[in-house]
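Read off the chains here:
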Amino acid sequence: MNYPEFFDNIEKIIVYDDLSEFLGVNDGIIDISYTDIVKMAGHSCATVAGGYLIALYGLKELFKNEFPKRGYIKVELKKSPRDENSGVIANILSMITGATNELGFGGIPTGKFNRRDLLFFNSNINSDVCFTRIDTNEKVYINYNPQKVVNPMKILMSAIKPDAKKEDIISFPQRFQEMVKNVFENSDIVIEVKK
């Protein structure tokens, strides 16, 4: 699979999944790259980048020097699934944290490893996303503001408006991924994490 070179420079998210260990996949340590998430989403954009960065920064703050415990993280989103692509962010966070709604794994017959009822929309929070550790009830709140550094809609419109120039249409894919790269290069500006 071909993809922009900058994908390889994006920090991986490393989690511990006891279900993976229990089922004999590995020792439970799973590394997740931005490329992995792009494969699942089918594309790379400011929203997909945002979901990845929310997870990367939020989990670092929540777990400090520990591996984040996949399947033991409650994920709350302020918006509804269809509001400003919040559903896309939720899918990405679900892939990384293991948190799901009724669509997820219900656990083994004893109930252990249940991943359901950990993903919520329309939450009463003062941030875009809240992560809660199930074991300690510790919380972190994350906001994502890509508009501080990029304008994805302006780039998109330059290629799809009725009077779009041929050179803008041809250069659009490269310019669009440069925009995504800019988001990652300015992650400390576009992401805000607080407790």
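As a reminder, the structure under discussion sits directly above these lines.
What counts, and at which threshold
Per-chain numbering applies: the sequence of each chain, read as written, is numbered from 1 onward. Reporting of local features is limited, given that this is a predicted model, to residues whose pLDDT is at least 70; pairs of side-chain atoms are given and counted only at 80 or more, and all residues count toward the totals for whole chains, interfaces and linings. Note that water and hydrogens are dropped before the side-chain values are worked out from all heavy atoms of the structure. Each helix is a run of DSSP H or I of at least 4 residues and each strand a run of E of at least 2, with the numbering of both proceeding from the N terminus. It is over C-alpha atoms that the radius of gyration is taken, and the globule rule equals 2.2 Å times the number of residues to the power 0.38. Classification of residues uses two cut-offs on accessible area relative to the type maximum, computed with a 1.4 Å probe and protein chains only: under 20% is buried, over 50% is exposed, and between them is partly exposed. The contact criterion used is simple: two residues touch if any of their non-hydrogen atoms lie within 4.5 Å. The protein chains shown are the only cover counted for residues, whose accessible areas, like all others here, come from Shrake-Rupley with a 1.4 Å probe. When charges are counted, neither His nor the chain ends are considered; positive counts come from Lys and Arg and negative counts from Asp and Glu. Charged side chains are reduced to one point each, which is NZ for Lys, CZ for Arg, CG for Asp and CD for Glu. For this document, the term salt bridge refers to a Lys or Arg side-chain nitrogen within 4 Å of an Asp or Glu carboxyl oxygen. For Phe, Tyr and Trp, rings pair up if their centres lie within 6.5 Å, where Trp contributes its six-membered ring, and each pair is then called stacked (planes under 30 degrees apart), edge-to-face (over 60) or tilted (otherwise).

Asker: Any chance you could explain the overall build of the chain here in plain terms?
Answerer: On a plain count of helices and strands, the chain comes out with seven helices and seven strands. In sequence order, the chain lays out its α and β elements as β-α-β-α-α-β-α-β-β-β-α-α-α-β. For 195 residues, the compact-globule estimate of 2.2 N^0.38 gives 16 Å, and the chain sits close to it at 18 Å. By principal-axis analysis of the C-alpha atoms, the chain measures approximately 60 × 40 × 30 Å. In the chain, which comprises 195 residues, the proportion classed as buried is 45%. Sequence separation of at least 24 residues holds for 69% of the intrachain contacts in the chain that already meet a minimum separation of 6. When the accessible area of the chain is evaluated, it comes to approximately 10800 Å², of which 51% is carbon and sulfur surface. Averaging the positions of the 24 positive and the 26 negative side-chain charges in the chain gives two centres separated by 3 Å.

Asker: How do you make sense of the side chain of E76 when you look at a structure like this?
Answerer: Relative to the elements of secondary structure, E76 occurs in strand β3 (residues 73–77). The buried charged residue E76 lacks any salt bridge partner; its closest oppositely charged side chain belongs to K74, at an N-O distance of 4.1 Å.

Asker: Can you walk me through the packing of aromatic side chains in this structure?
Answerer: Given two aromatic rings, one states the distance between the centres and the angle between the planes to describe the pair. Inspection of every chain in the model, using the stated rule, returns eight aromatic pairs. Ring centres of Y34 and F184 lie 4.8 Å apart, and the angle between their planes is 70°; this geometry places the pair in the edge-to-face category. Residue Y34 is found in helix α2 (residues 34–41), and its partner F184 is found in helix α6 (residues 166–185); the two are separated by 150 residues along the sequence. Residue Y34 shares its accessibility class with F184, and that shared class is buried. Aromatic ring contacts, followed pair by pair, group Y3, F6, F7, Y34, Y52 and F184 into a single cluster.

Asker: Explanation requested: unusual backbone geometry in the structure shown.
Answerer: Glycine aside, residues mostly have negative phi angles, and peptide bonds mostly take the trans form. Phi is positive for K64, close to 50°, though the residue is something other than glycine. In this structure, K64 sits in the loop between α3 (46–63) and β3. The backbone phi angle of N122 is positive, close to 55°, even though this residue is not glycine. One can find N122 in the loop between β4 (119–120) and β5 (129–133). Given the relative accessible area of 55%, N122 is considered exposed.

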